[in-house]
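Given next are the chains, with one letter for each unit.
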Amino acid sequence: MTVRVYVPVTSGQLARVVAEGRLDGPFRAHAVTAALQEAWPEAEDEEWEYAAQAAAGVASLAARGEGDVPRRLVLAADVPDVRPAGDETEPTLVEVDADLPWKRIASAHVDVEDLSPAVVAAYLSDEELPDVVDGVELDHDLAWFATQEIRTLV
């Protein structure tokens, strides 16, 4: 049995994963957790998955460093086990102790264009997201990339 996780990465981290064919554990990711299901009991599986993916997208923006592309970058992967990260403010946050080999990565979910500083700031704010910032709809979905397409993102 495996658990689907959404791993937030920066452009630099993505380049390393592609080059090395793996992400060494331990690392933090986002997943459907009991805490998320308790906080949002009326949701369905697909909505919980979307919430975990969205949280990973924001985490990838927050983690970016100088020189990283300002995009939400998320790897969807299947790992053997997770444990709650113990953060009540982020019910999707989990700890993954295992390494993540390339064969366990299912897809990538990525903004197709760089985000402006105003859009990044909106995602990282504690406020409710406005509908549009700098002409970008902030509730837009990330684009899906198959594993064989991930290398083109680097």
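Structure shown above.
Structure report, in brief. The structure displayed is predicted, hence computed values, not measured ones.

Turning our eyes to something else, we now look at the pattern of salt bridges. In total, this model carries 7 salt bridges according to the counting rule given. Across the pair R71 and D114 runs a salt bridge, and its minimum N-O distance is 2.8 Å. With R71 in the loop between α3 (45-63) and β4 (73-79) and D114 in the loop between β8 (105-110) and α4 (117-124), this residue pair connects regions lying 43 residues apart in the sequence. Across the salt bridge formed by R72 and D111, the nearest N and O atoms sit 2.7 Å from each other. Highlighted residues: R72 in the loop between α3 and β4 and D111 in the loop between β8 and α4, separated in sequence by 39 residues. Taken as a pair, R72 and D111 share a single burial class, namely buried.

For R72, a relative accessible area of 6% translates into the label buried. At 2.7 Å, the side chain of R72 and the side chain of D111 are in polar contact. Separated by 3.2 Å, the side chains of R72 and H140 make a polar contact.

Once that is clear, we can look at the packing of α3 against α4. Axis separation between α3 and α4 bottoms out at 10 Å; the angle between their running directions is 120°. For the element pair α3 / α4, the angle class is oblique. For the pair α3 and α4, the sense of crossing is left-handed. On α4, the residues that touch V58, L61 and A62 of α3 are V120, Y123 and L124. Among the residues forming the contact of α3 with α4, the class breakdown is 6 nonpolar, no polar and no charged.

Let's shift gears to the environment of P26. Turning to its location among the elements, P26 is positioned in the loop between β2 (22-23) and β3 (27-30). Distance in space between the C-alpha atoms of P26 and D141 is 28 Å, their sequence separation being 115 residues. Leaving out residues up to four positions away in the same chain, P26 has contacts with V96 and D97.

So, about the pairing of β8. By the criterion of burial, β8 is predominantly enclosed, with 5 of the 6 residues buried. Inspection of the sheet shows β4 paired to β8 by 5 bridges, in the antiparallel sense. Within β8, the position partnered with A76 by the bridge is S107. In the sheet, β8 pairs with strand β11 (residues 143-146) via 4 bridges, with the strands oriented antiparallel. Bridge pairing links S107 to A146 in β11.

Now for the nonpolar core. If you look at soluble globular proteins, the nonpolar side chains tend to sit buried side by side. Residues V5, V7, L75, L100, I105 and I150 are the most contacted members of the largest nonpolar core, which totals 23 residues. Looking at this core, the elements with two or more residues in it are β1 (3-8), α1 (11-20), β3, β4, β6 (93-96) and β8. With 4 residues, β4 is the largest single contributor of residues to this core. Excluding residues within four positions of it along the chain, I105 makes contact with V17, L75, A76, A77, L100, T147 and I150.

Cut-offs applied
- Residues numbered from 1 in each chain as written.
- Predicted model: local features only at pLDDT ≥ 70, side-chain atom pairs only at ≥ 80, totals over all residues.
- Heavy atoms only, no water.
- Salt bridge = Lys/Arg side-chain N within 4 Å of Asp/Glu carboxyl O.
- Helix = DSSP H or I, 4+ residues; strand = E, 2+ residues; numbered from the N terminus.
- Buried < 20%, exposed > 50% of the residue type's maximum accessible area, 1.4 Å probe, protein only.
- Polar contact = N/O pair within 3.5 Å; in protein donor to acceptor, adjacent residues only side chain to side chain.
- Axes fitted to C-alpha atoms, helices over the stretch in contact; angles between N-to-C directions.
- Parallel < 35°, antiparallel > 145°, perpendicular 65-115°, else oblique.
- Left-handed = near helix turned anticlockwise from the far one by under 90°.
- Contact = heavy atoms within 4.5 Å.
- Nonpolar A, V, L, I, M, F, W, Y, C, P; charged D, E, K, R; others polar.
- Pairing = 2+ DSSP bridges.
- Core = buried A, V, L, I, M, F, W, Y, C linked by side-chain atoms within 4.5 Å.

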